[in-house]
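Letter by letter, the chains look like this.
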Amino acid sequence: MTESTSPTPTPSDYSYNYPKTIGWIGLGAMGFPMALRIARCAEPGSVLYIYDIDASAMDRFVDAVKPRKEAAEEGNGEGEPGAEIRCVGCAREVAESSECVITIVPEGAHVRAVFLTPETGILAASDISGNIFIDCSTIDIATSQLINESISTAYTLQLKSQAHSTSSSLSPSQPPSPPHFYDAPVSGGTSRALSGTLTIMLGASPTSPHLPLLTHLLSPLTAPPGSLQALGGPTLGLAAKLSNNYLSGLIALATSEAMNLGMRMGVDPGVLQRCFKGSSGASWVNEAVNPVPGVCPDAVTSKGYEGGFKIQLMKKDMSLAIDAAKQVGANLVLADAGLAAYSAAAEDPRCRDRDSRVIYRWWVLMFMFLPPQW
């Protein structure tokens, strides 16, 4: 298991060639700040190819990078040189231009579209040999397996096509290097994406020959308290992420109930939160994003639950975890109650599109009948 607890490594620490061309697909709430950090920390002379179905997101990204890059080029010390940014028109163009492609999109259907769409998907690229594909999306395991298998199939077909077109010029003993695909979902939310302190759950063995490269490539995203965890093999990063989000969602719901319980018995919410922090009920949710407004002043929970990890996504992730549990025969006693709560809150207009800890607002409104304007 590898953690980013040491100083950021440099290319000389490793025997590989750090990619000079990197592709990024997905500039949403998480992808945008993550890609910014990759761009700003890239090796001099690097190029970052970006694509998002929302062209305005690419424009905003270029605008966000440009001032800091110009400041660095002018030598005033207020920016980093970073990567050159090039916008492209589809996922295929990203793959054709990049040695390594990182994707982060909301759902499995979007991942399938990114990789498998005829003519414009990644696997429509003319040559994917040697490419490294890293998918940071939180999706169902079956889709991740499908993409991994599809990449292998596409590579095999490309080898056959190249052998046919070049006759004997392609030596059977020295074929092009195969592509590699890694599931690498992330945890930490938008605030830790901005600060580069995410945890990355990597579907790779701790002995993978690509682990040093992956660790260095993703290091701008995983400064302490974040880390990169090598979980053992393909899809195990997703297995860990779904398990984590199931746990996190239930902790937020339980914290909402416990806070309400203590408050109704007369304990000040701030005092109660600090009590939990030093007791057996301690959790990251309580400490960093306590669901009760005002308890954590700098958190999204004290800012109208605007931003953060949308409650619809928590509903999606809990559903994926529950489906995975059924497939492997794991009993989840709390699953039905937890999913029902998040499903209802995700449909409530007072909660929809807000951070998932808005489950506290839904819970209070549902069971205490406060005025709708609360």
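Residues numbered from 1 in each chain as written. Predicted model: local features only at pLDDT ≥ 70, side-chain atom pairs only at ≥ 80, totals over all residues. Heavy atoms only, no water.

## Observations concerning the packing of aromatic side chains
Tallied over the full model, the rule gives 3 aromatic pairs. Between Phe-115 and Phe-133, the aromatic rings sit 5.9 Å apart at their centres with planes inclined by 75 degrees, giving edge-to-face as the arrangement. Of this pair, Phe-115 sits in helix α4 (residues 108–116) while Phe-133 is found in strand β5 (residues 132–135), placing the two residues 18 residues apart along the sequence. Using a relative accessible area of 2% as the deciding quantity, one classes Phe-115 as buried. Where Phe-115 meets Phe-181, the ring centres are 5.9 Å apart and the plane angle is 85 degrees; that geometry is what we call edge-to-face. With Phe-115 in helix α4 and Phe-181 in strand β6 (residues 180–183), this residue pair connects regions lying 66 residues apart in the sequence. Assigned by exposure class, Phe-115 and Phe-181 land together as buried. (Phe/Tyr/Trp six-rings, centres within 6.5 Å; stacked < 30°, edge-to-face > 60°. Helix = DSSP H or I, 4+ residues; strand = E, 2+ residues; numbered from the N terminus. Buried < 20%, exposed > 50% of the residue type's maximum accessible area, 1.4 Å probe, protein only.)

## As for the pairing of strand β4 (residues 100–103)
The side-chain alternation of β4 yields two buried faces, one formed by Cys-100 and Ile-102 and the other by Val-101 and Thr-103. Alignment of strand β1 (residues 21–25) against β4, held across 4 bridges, turns out to be parallel. The residue bridging Ile-25 from the neighbouring strand is Thr-103, located in β4. Here β4 runs beside β5; their pairing, made up of 4 bridges, is parallel. Bridged to Ile-102 within β5 is Ile-134. On the question of chirality, the crossover connecting β4 to the parallel β5 by way of α4 is right-handed. (Pairing = 2+ DSSP bridges. Right-handed = clockwise from strand over helix to strand, strands pointing away.)

## What to know about unusual backbone geometry
The omega torsion of the bond from Pro-224 to Pro-225 falls at 10 degrees, within 30 degrees of zero and hence cis. Here Pro-225 lies in the loop between α7 (211–218) and β9 (227–230). Unlike most non-glycine residues, Glu-119 shows phi in positive territory, near 75 degrees. Locating Glu-119 in the fold gives a position in the loop between α4 and β5. Unlike most non-glycine residues, Tyr-305 shows phi in positive territory, near 60 degrees. Along the chain, Tyr-305 turns up in the loop between α10 (284–289) and α11 (311–328). Accessibility expressed as a relative area gives 1% for Tyr-305, which makes it buried.

## Thoughts on the sheet that holds β9
Strand order in the open sheet formed by 3 strands is β7-β8-β9, with mixed pairing between adjacent strands. Strand pairing shows two members of the sheet lacking a second neighbour, β7 (186–187) and β9, which therefore form its edges. Pairing between strand β8 (residues 199–202) and β9: 4 bridges, direction parallel. Within β9, the position partnered with Thr-199 by the bridge is Ser-227. Sheet contacts for α7: β8 and β9; angle to β9, the most-contacted strand, approximately 155 degrees. (Contact = heavy atoms within 4.5 Å. Axes fitted to C-alpha atoms, helices over the stretch in contact; angles between N-to-C directions.)

## Remarks on the packing of helix α8 (residues 236–264) against helix α12 (residues 335–347)
Contact geometry for α8 and α12: axes closest at 10 Å, N-to-C directions at 75 degrees. Comparing their axes, α12 and α8 come out roughly perpendicular. Note on element contacts: α12 touches α8 through Ala-335, Gly-338, Ala-341 and Tyr-342, opposite Tyr-246, Gly-249, Leu-250, Ala-252 and Leu-253. Partitioned by chemical class, the residues of the contact of α8 with α12 number 7 nonpolar, 2 polar and no charged. (Parallel < 35°, antiparallel > 145°, perpendicular 65-115°, else oblique. Nonpolar A, V, L, I, M, F, W, Y, C, P; charged D, E, K, R; others polar.)

## Details of the pattern of salt bridges
If you walk through the whole model with that rule in mind, you get 9 salt bridges. Among the salt bridges present, the one from Glu-287 reaches Lys-277, with a minimum N-O distance of 3.8 Å. With Glu-287 in helix α10 and Lys-277 in helix α9 (residues 269–277), this pair connects stretches of sequence that are 10 residues apart. Relative accessible area serves as the criterion here: at 46%, Lys-277 is assigned to the partly exposed category. Among the salt bridges present, the one from Asp-355 reaches Arg-357, with a minimum N-O distance of 2.9 Å. Under the relative-accessibility criterion, Asp-355 is labelled buried at 0%. (Salt bridge = Lys/Arg side-chain N within 4 Å of Asp/Glu carboxyl O.)

## Brief notes about the nonpolar core
Formed by 67 residues in total, the largest nonpolar core has its most connected members in Trp-24, Met-34, Leu-48, Phe-61, Ile-122 and Ile-134. Filtering out sequence-adjacent residues up to four positions away, Trp-24 remains in contact with Gly-31, Met-34, Ala-35, Ile-38, Leu-48, Tyr-49, Ile-50, Tyr-51, Val-94, Ile-102 and Ile-104. Leu-250, Leu-272, Val-289 and Ile-322 belong to the second-largest nonpolar core, a separate cluster that totals 33 residues. (Core = buried A, V, L, I, M, F, W, Y, C linked by side-chain atoms within 4.5 Å.)

## Looking at the environment of Gly-294
Residue placement: Gly-294 occurs in the loop between α10 and α11. Relative accessible area serves as the criterion here: at 54%, Gly-294 is assigned to the exposed category. Taking the C-alpha atoms as reference points, Gly-294 and Pro-269, 25 residues apart in sequence, are found 8.7 Å from one another.

## Comments concerning the UniProt feature "domain: 6-phosphogluconate dehydrogenase NADP-binding" (unreviewed entry) in the protein
Within this structure's numbering, the places UniProt gives as "domain: 6-phosphogluconate dehydrogenase NADP-binding" (unreviewed entry) are residues 21–152 and 180–207. With 25% helix and 36% strand, residues 180–207 has its two end C-alpha atoms placed 15 Å apart. (UniProt positions renumbered as here; feature names shortened; annotations may be inferred.)

## Section: α7
Counting buried residues in α7 gives 7 out of 8 residues, a clear majority hidden from the surface. Along α7, the residues classified as buried are Leu-211, Leu-213, Leu-214, Thr-215, His-216, Leu-217 and Leu-218.

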